[in-house]
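Summary of structural features
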Amino acid sequence: MTVAGDEGARTAFRRGLRLGVPFAVVGFLLSLSFGVLARQAGFSVGQAVVTSVIVFAGSAQFAMLSVITVGGGIPAALTAASLMNTRFLAMGVALAPSLPGGPWKRAAQGQTVVDSSWALANRGDGTFDRWLLFGTTVPQYLTWTLGSVVGATFGSALGDTHRFGLDAIYPVFFLSLLITELRDPTSRRAAAGGGLLALALVPISPPGIPILAASTVALIGLMRRPA
């Protein structure tokens, strides 16, 4: 990389750090809630923190936790989390040409992808600013991990967390995802179908099945939508 290239990379990285701060603040609060609720679901402090460090994906972590909380098994929880993260396959395919190096190096760089960073790094011409991507993700990863540590370690000091409304995290979180997708004409049918199916299955199916079925329907619908 040339001197000009080095300076451009540093500038993009610093800009990414600044852009990532607002998302990092929100991520801290969300991961703190995850840490508290994970402890209530039977996770140890270490298990809650390691989950956030490795997974680093709110939708997947809350999907997994929601299945476990209502009595679902580990396979169902892991499947739900995996389905939530399938969007990263398409995002990775789009990003790959903008990452240098061989498959392993690109895969390592791809671990920095989160929704906000991917969107901000998109130049709009099919290419991505990888240093902006890296910079935007750094503060988010730090606060996501810190929030989980704080929530898992000190959550028990809050006593009955229901009075803070943390029990509403699950439905509100997934409802917000549903509303976002319903606003997008290209994903509206898939989102509506998945949401209605989950609602219909809640009173009649075992724990974990509604979210698995809804995620599967949404995934199939999105894969079949016109390009």
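Residues numbered from 1 in each chain as written. Predicted model: local features only at pLDDT ≥ 70, side-chain atom pairs only at ≥ 80, totals over all residues. Heavy atoms only, no water.

Quick reminder of the rule: UniProt positions are given in the numbering used here, feature names are shortened, and annotations may be inferred rather than shown by experiment.
In the nomenclature of an unreviewed UniProt entry, the protein chain is known as 4-azaleucine resistance transporter AzlC of Nocardioides aurantiacus. According to the UniProt record, the Subcellular location (unreviewed entry) comment for the protein chain reads "Cell membrane".

**Quick word on the overall build of the protein chain**
Test applied: In DSSP terms, a helix is any run of H or I states spanning at least four residues, a strand is any run of E spanning at least two, and both are numbered starting from the N terminus. Each residue's exposure class comes from its accessible area (1.4 Å probe, protein chains only) as a fraction of the maximum for that residue type: buried when under 20%, exposed when over 50%, partly exposed otherwise. Contact definition: two residues touch when any of their heavy atoms are within 4.5 Å. Accessible surface is estimated by sampling points in the Shrake-Rupley manner with a 1.4 Å probe; for residues, cover comes only from the protein chains shown.
Of regular secondary structure, the protein chain possesses eleven helices and zero strands. The buried share among the 227 residues of the protein chain stands at 38%. Partitioning the contacts of the protein chain with sequence separation of at least 6, the portion at a separation of at least 24 is 68%. Approximately 12500 Å² of the protein chain is accessible, and the part contributed by carbon and sulfur atoms is 70%.

**A short note on unusual backbone geometry**
Most peptide bonds take the trans form, and the phi angle of most residues other than glycine is negative. One non-glycine residue, Phe56, lies in the positive phi region at around 50°. Within the fold, Phe56 resides in the loop between α2 (45-55) and α3 (58-69). Exposure remark for Phe56: the relative accessible area of 13% places this residue in the buried category.

**Details of the UniProt feature "transmembrane region" (unreviewed entry) in the protein chain**
In the numbering used here, UniProt assigns the feature "transmembrane region" (unreviewed entry) to residues 20-38, 141-158, 164-182 and 194-222. Between the C-alpha atoms that bound residues 20-38 there is a distance of 26 Å. The span itself is 100% helix and 0% strand.

**Concerning the environment of Tyr141**
Secondary-structure assignment places Tyr141 in helix α8 (residues 130-154). Here Tyr141 is in contact with Val53 and Phe56, once residues within four sequence places are set aside.

**Concerning the pattern of salt bridges**
Convention followed: Basic side-chain nitrogens of Lys or Arg form a salt bridge, by our definition, when they fall within 4 Å of a carboxyl oxygen of Asp or Glu.
The final tally for this structure, using the stated rule, is two salt bridges. One salt bridge in this structure joins Arg10 and Glu7, with 3.0 Å as the shortest N-O distance. Of this pair, Arg10 and Glu7 both sit in helix α1 (residues 3-40), separated by three residues, roughly a single helical turn. Relative accessible area serves as the criterion here: at 41%, Arg10 is assigned to the partly exposed category. Among the ionic pairs, Arg14 bridges to Glu7, the shortest N-O distance being 3.6 Å. One salt-bridge network, held together by shared partners, links Glu7, Arg10 and Arg14.

**Here we look at the confidence of the model for the protein chain**
Filter applied, for reference: You can read pLDDT as the predictor saying how much it trusts each residue, on a scale of 0 to 100.
Taken as a whole, the protein chain shows an average pLDDT of 82; of its residues, 81% reach a score of 70 or greater. Predicted confidence in the protein chain is weakest over helix α9 (residues 169-182), with a mean pLDDT of 65, and strongest over α8, with 95.

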